[in-house]
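# Coordinates in review
Letter by letter, the chains look like this.
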Amino acid sequence: AQSVAQPEDQVNVAEGNPLTVKCTYSVSGNPYLFWYVQYPNRGLQFLLKYITGDNLVKGSYGFEAEFNKSQTSFHLKKPSALVSDSALYFCAVKGSARQLTFGSGTQLTVLP
Amino acid sequence: DSGVTQTPKHLITATGQRVTLRCSPRSGDLSVYWYQQSLDQGLQFLIQYYNGEERAKGNILERFSAQQFPDLHSELNLSSLELGDSALYFCASSVGWERATDTQYFGPGTRLTVL
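In short, a report on the structure. (Residues numbered from 1 in each chain as written. Chains lettered and ligands numbered in written order. Predicted model: local features only at pLDDT ≥ 70, side-chain atom pairs only at ≥ 80, totals over all residues. Heavy atoms only, no water.)

What follows is about the pairing of strand S4 (residues 31–38) of chain B. Residues and elements named next belong to chain B. Within S4, 8 of the 8 residues are buried, which leaves it mostly tucked inside the rest of the structure. The pairing of S4 with strand S5 (residues 42–50) spans 8 bridges and is antiparallel. Across the sheet, the residue bridging to Ser31 is Tyr50, located in S5. Hairpin connection from S4 to S5: 3 residues lie between these consecutive antiparallel strands. (Buried < 20%, exposed > 50% of the residue type's maximum accessible area, 1.4 Å probe, protein only. Helix = DSSP H or I, 4+ residues; strand = E, 2+ residues; numbered from the N terminus. Pairing = 2+ DSSP bridges.)

Residue and element names in this part refer to chain B. Sheet architecture is open: 4 strands sit in the order S1-S3-S8-S7, paired in antiparallel fashion. In this open sheet, the two edge strands, each paired with only one partner strand, are strand S1 (5–7) and strand S7 (64–68). On average, each strand axis in the sheet is inclined to that of its neighbour by 15°, with strand direction left out of account. (Axes fitted to C-alpha atoms, helices over the stretch in contact; angles between N-to-C directions.)

Residues and elements named next belong to chain B. With the rule as written, the count across this model stands at 2 disulfides over all chains. A sulfur-sulfur distance of 1.8 Å marks the disulfide that ties Cys23 to Cys91. Residues Cys23 and Cys91 are joined by a disulfide whose S-S torsion is about -50°; by sign, that bridge is left-handed. Highlighted residues: Cys23 in strand S3 (residues 19–24) and Cys91 in strand S9 (residues 87–94), separated in sequence by 68 residues. Accessibility expressed as a relative area gives 0% for Cys91, which makes it buried. (Disulfide = S-S within 2.5 Å.)

For the peptide bond that leads from Thr7(B) to Pro8(B), omega is -10°, which places it in the cis range. Its place among the elements puts Pro8(B) in the loop between S1 and strand S2 (10–13). Of note in this structure, Thr72(A) is not a glycine but carries a positive phi near 45°. Tracing the chain through its elements places Thr72(A) in the loop between strand S8 (64–68) and strand S9 (73–78). The backbone phi angle of Asn51(B) is positive, close to 50°, even though this residue is not glycine. Within the secondary structure, Asn51(B) sits in the loop between S5 and strand S6 (53–57). Residue Asn51(B) is classed as partly exposed on the basis of its relative accessible area, which comes to 47%.

Listed as interface residues are 22 residues of chain B and, on the opposing side, 19 residues of chain A. Taking both partners together, chain B and chain A bury about 1,600 Å²; carbon and sulfur atoms supply 55% of that area. Remark: the boundary between chain B and chain A carries 0 salt bridges. Our count for the contact surface shared by chain B and chain A stands at 6 residue pairs in polar contact (both at pLDDT 80 or more). Elements that contribute at least two residues to the side of chain B that touches chain A include exactly S4, S5, S9 and strand S10 (105–106) of chain B. Broken down by class, the residue content of the side of chain B that touches chain A amounts to 12 nonpolar, 6 polar and 4 charged. (Contact = heavy atoms within 4.5 Å. Buried area = accessible area lost by both parts, 1.4 Å probe. Salt bridge = Lys/Arg side-chain N within 4 Å of Asp/Glu carboxyl O. Polar contact = N/O pair within 3.5 Å; in protein donor to acceptor, adjacent residues only side chain to side chain. Nonpolar A, V, L, I, M, F, W, Y, C, P; charged D, E, K, R; others polar.)

What follows is the structure in structure tokens.
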């Protein structure tokens with residue numbers, strides 16, 4: 001069975017500081033990893049995905065994620081956080097099963 | 001805007017009732033997925049259709065059913081509703097279903113409240 005862990009329910013960061021939202025996964029076969037963001041009362045918006053190749057993936061709104069196979073991690077990062085980045089972030093994985101399995105989500109709050 | 005549309009935005013109903021949620025996928029997408037998001041269960045995959053055929057089932061209750069029509073829109077039917085069915089229901093779509101690399105794009109969701 002495939003699974004995703006987001007160990008932090010809440011991450012607080014000051015505006016302008018770098019941010020990291022952590023994600024680890026467990027999957028059979030090659031992992032395909034995704035990050036989504038959910039703003040209040042909105043659907044999930046796709047940010048980025050890792051399929052293969054370069055371990056650093058760049059996505060929307062200045063976000064990037066680093067794939068680490070040995071640590072089975074796919075942490076989301078941004079060099080300089082904005083207040084408007086405050087939202088709920090979900091990591092998701094697909095393996096040999098074709099279904100997306102989501103983590104429990106991390107609430108990011110960027111403080112002005 | 002992802003291009004996936006869902007109606008209605010909000011639905012309030014009573015226990016024991018039946019409701020239908022509707023989803024239109026992005027233009028060109030053949031796969032439709034349904035998810036339930038609740039505070040205690042998180043985001044749970046319910047069911048997937050591809051070009052009118054059911055392809056995968058997740059944690060979908062027997063009281064729930066879905067279908068995908070020839071024009072590719074999909075409906076999720078929830079019957080004998082219970083208080084615990086109150087949740088956000090999302091539809092997502094993707095181009096295909098076999099490629100793990102396909103990205104799912106989500107609609108804005110339908111918030112169901114069962115009183």
